[in-house]
Each structure stands twice: as C-alpha cells, then as structure tokens.
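# Chain and residue survey
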Amino acid sequence: MRDTIGLTKEPQGIGEPSVYHAVVVIFLEFFAWGLLTTPMLTVLHQTFPQHTFLMNGLIHGVKGLLSFLSAPLIGALSDVWGRKSFLLLTVFFTCAPIPLMKISPWWYFAVISMSGVFAVTFSVIFAYVADITQEHERSTAYGLVSATFAASLVTSPAIGSYLSVAYGDTLVVILATAIALLDICFILVAVPESLPEKMRPASWGAPISWEQADPFASLRKVGQDSTVLLICITVFLSYLPEAGQYSSFFLYLRQVIRFSSETVAAFIAVLGILSILAQTVVLGILMRSIGNKNTILLGLGFQILQLAWYGFGSQPWMMWAAGAVAAMSSITFPAISAIVSRNADPDQQGVVQGMITGIRGLCNGLGPALYGFVFYLFHVELTDSDGSEKGAKPNMANPTDESAIIPGPPFLFGACSVLLSLLVALFIPEHTGPGMRPGAYKKHSNGAQSHSHSPQGSGAEGKEPLLEDSSV
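Here the residue numbers are simple positions, counted from 1 along each chain's written sequence. For a predicted model such as this one, the threshold for reporting local features is a pLDDT of at least 70, and the threshold for listing and counting side-chain atom pairs is 80 or more; totals across whole chains, interfaces and linings nevertheless cover every residue. Here the side-chain values reflect all heavy atoms present in the structure, with hydrogen atoms and water set aside.

The name given to the chain in an unreviewed UniProt entry is Hippocampus abundant transcript 1 protein, with the source organism recorded as Ataeniobius toweri. UniProt positions are given in the numbering used here, feature names are shortened, and annotations may be inferred rather than shown by experiment. UniProt, in the comment section headed Subcellular location (unreviewed entry), describes the chain in these words: "Membrane". Recorded under Sequence similarities (unreviewed entry), the UniProt text for the chain is reproduced unchanged: "Belongs to the major facilitator superfamily."

Rendered as structure tokens:
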C-alpha cells in the first residue's frame, strides 16, 4: 500500500483518484468566488441601498434552505451513480451566477438564491475523499481539503480588489468566470471516478427507489441515530454564527472598525495562511495526541473566544488578535467530518456527509439573516459600502445610543450559540475501534443492483443506525 494520501485504491479510468483532485476542484471554485469579494459588496449595496444586510440575509436564506433540502439527496444519489457527475453538477451551478453579476444584478441574485439546489460541492467532495482514503488517513485528508478553502482566500480577495481598482469590476468578473470554466474542464478531463464499480449500477438507466432518493428519509434518520443527532446539533449551533460572520464580517471591518479595502484583503490573507497551518499541521498533531472528540471540543473553545473578542473588540489590533484565534477554530469541521466518516458504512458516506453539509446549508441561510437582524435591532445599520474614510462613524438609527452599543452584538449571540454547541459535543461518543460494520461491503458484493434495490421500508433495515455505535 502506498503512503501517499488518496492513492490506496485501484485505478479507475483516467489515472487514480486522489485527494489532490478534490483539492484542485475546491481551490478553483472558491478562488473564483474570492476574486469577487469587493465587486460583490459593491453590487449588493448598489442593488439594495436600504437594509443591505437584511436583503443579503434573505438571498442567502433561500439558497441555504434549498441546500439544506438538496444536500442529503445529492449525497445519496452520488452513492449510487458515482461522484464525478455530481461534482460537475455542483461546481457548475455554484459558479453559474458569476457572469450574471455584470449582465444583470437582479438575475445574479435570483440565480444565487436558486443555485442552492445544487451548490453543495463539499458534500460530494468529502464523500469522494472517503472513497479513496483509509480510516487513519481521513482526518488529515479532510484537513487538507478544508485548508484548501482557506488557501483559495489567501490571495484571491487581494487580487480581485487590486484588479477592481485598476481595471474595473468587469475584468474581475471575466477572470472569475474563466477560472470557473477551468474548474469544470478539469473535472471533465482530469478527475477520475472514485466510487468502486461494484457499488454503482451498470448504467444511468438503472432504477433508484424513492427511499434512496428522498432527502427527508436521510434527515429522519437524524432522530433515529443518537450520535448523528448530537453531531448535527453541534454543527448547527457552531456553524450558524460562523455563516453569519462570513456573510457580514468583511463589511463590518470596513465600516465599524474602519479597515481600508487593502487592510481587509491583508486580513483575509493572513487568516487564510494561519487556517492552512491549523488545518494541516496542528490538526494532525491534535488528532494523534488528544483524539478526535477532544479536537472538536478544543476547536469549539477557540471559536467561543474568537466570537467574544469580535463582539467586544473596537480596535484594529483586537480584530487581528481575534483573527489568529479564529484560524485555530477552523479545525472543528474537518474533525467532525472525520468522526462521521470513520464510523459510517461505505455506501452511506454520501448520505452522512450530505446530511452534515445540509445542516451547514441551512445555517448559510439563517446565519446571514440572523446577523443582519441583530445589527438592525441594535441600530447598527450597515448600508454604506465605502468604509475607507478614516475616523468616520458607523451609521446609527439613533446616534445618541452610540456609546451604549456593543461594537459587534451578533458575535456575542454567536458565542452563546457555540457554548451550547460545546455542551452538546461533550456527549458525542468517541469511537476508537474500526469504523465500518463487519458486513458493510458484504451487502454490496453482489453488484450494484443489490445496492439500488434495497428494501423500501422494512422495519429493522429502515431504522439501522447510520453510524456504528450510537450509544451515548
């Protein structure tokens, strides 16, 4: 067996599937979107000059709700028909709104909302990685994929900001569109299928039961398996503030903390570099030394500290210090993905990863709306996209209340949410034994037809836990 991560399976088509295929796909997709950080803020403010963040929350709310409903379905279908086709589908629809930014802003925001149906790339990517890695490799592999997301944001916002100032937003949109097309071409030409042939039907025409395709079927299993329930609650409570923070933080830095566009780009770059180190070097050390569950708890602790610091911080140096803590908190999600994947059957990887991604999709909808609403309640109206003037004051509905306002009230709400998440995570059992049930591959050894014609509602089979040992 080779030591290289992701090269432990037999060749399937064009070369061997590797974690590095997943890394390139993720990097190109989010690099394209990272370029649009500055133009997107401008278009958002120009299209919705009043209550910008509330409208931003509504748009992402629709997208997040659709992702929540579709992610388990996409994951389950990829368990039957393979990963490559769904990688192509999810990347295409995630990047489809990009060229519309300059063609028609209204269509751009409409397509962003509707793209949530298929914009669940991480669900398929994590299932792809699970197909081609051994159990002991997964935490490192998931950390590498998550670090790639941070790496894509190290330089892309700064590049996009510079090109936008020097040559205009149109060039940035064209460049982002070209990179998205390159990503699609890379999947078509270079990415091999990762799902073994014996676990797939002989052709795309093979029937699939509604029990397998029903997105609510996998969501109903959340309540049937206590471990999955605890993990999903942990993900929801921890990612809800993270999603809201991601949607509003860059503009918050510009308007309330008075960062310039160049400083924001530098902040993102430094945070991205620190996140890469945290999700590769630090994550691997922690997983080996303190275990999977304790790594999750440590990441949640860093997230609480980071959000509290953002909430009370009013000086630029406080944001930089909290950003370093935020990088350490980025170890949480790859650690959660690893504990889920390690204890799921091979044929359930897409379902369980889709379930987790779906919860994150719901948070991507609720988080921005929650943050915008809390800012509104505390009379901090973030509607001005130009925060470059030094010493300017935040827009307040009632200026006399300025001294009484906590700089970042939504971040404090987020810290309370993550504290609840940490308490729930304390009850997640850590599995130290093999993650697969003994008969995991056996029930697929007769070919794909047995996989795609599983019993449709038979009692014990339907209530079988997704994870191996669900005792708390």
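### Regarding the overall build of the chain
A count of helices and strands for the chain gives 20 helices and zero strands. Burial statistics for the chain: of 472 residues in total, 58% are counted as buried. The long-range share in the chain, meaning contacts at least 24 apart out of those at least 6 apart in sequence, stands at 85%. Shrake-Rupley sampling with a 1.4 Å probe provides the accessible areas, and residues are treated as covered by the protein chains on show and by no other component. With the model as given, the accessible surface of the chain reaches about 18900 Å², and the carbon-plus-sulfur share is 68%. Per the convention used, a helix needs a DSSP run of H or I reaching at least four residues, while a strand needs a run of E reaching at least two, with both numbered from the N terminus. Only protein chains enter the calculation, and the probe is 1.4 Å; a residue is then buried if its accessible area is under 20% of its type maximum, exposed if over 50%, and partly exposed in between. Two residues qualify as a contact provided that any one of their heavy atoms is within 4.5 Å of a heavy atom in the partner residue.

### Re the side chain of Lys293
Following the sequence through the fold, Lys293 ends up in helix H14 (residues 292-312). Any pair of N or O atoms that falls within 3.5 Å is considered a polar contact. Within protein, one atom must be able to donate a hydrogen and the other to accept it, and sequence-neighbouring residues count only if both atoms are side-chain atoms. A distance of 3.1 Å separates the side chain of Lys293 from the backbone oxygen of Ile428, its partner in a polar contact. Look past the residues within four positions of Lys293 in its chain and what remains in contact with it is Ala425, Leu426, Phe427, Ile428 and Glu430.

### Here's the deal with the pattern of salt bridges
Put simply, a salt bridge is a Lys or Arg side-chain nitrogen that is within 4 Å of an Asp or Glu carboxyl oxygen. What the rule picks out here adds up to one salt bridge. One salt bridge connects Arg83 with Asp131, and the closest N-O pair in it is separated by 2.6 Å. Taken together, the positions of Arg83 in the loop between helix H3 (52-81) and helix H4 (84-95) and Asp131 in helix H7 (residues 121-132) put the pair 48 residues apart, joining distant regions of the chain.

### Regarding the packing of aromatic side chains
Between rings of Phe, Tyr and Trp, where Trp is taken as its six-membered ring, a pair exists when centres lie within 6.5 Å; planes separated by under 30 degrees are stacked, by over 60 edge-to-face, and by other angles tilted. According to the stated counting rule, one finds 18 aromatic pairs in the structure shown. Centroid distance Tyr310 to Phe411: 5.7 Å. Interplanar angle 55°. Geometry classified as tilted. Separated by 101 residues along the polypeptide, Tyr310 in helix H14 and Phe411 in helix H18 (residues 409-425) bring together distant segments of the chain. The exposure class assigned to Tyr310 is buried, which follows from its relative accessible area of 0%.

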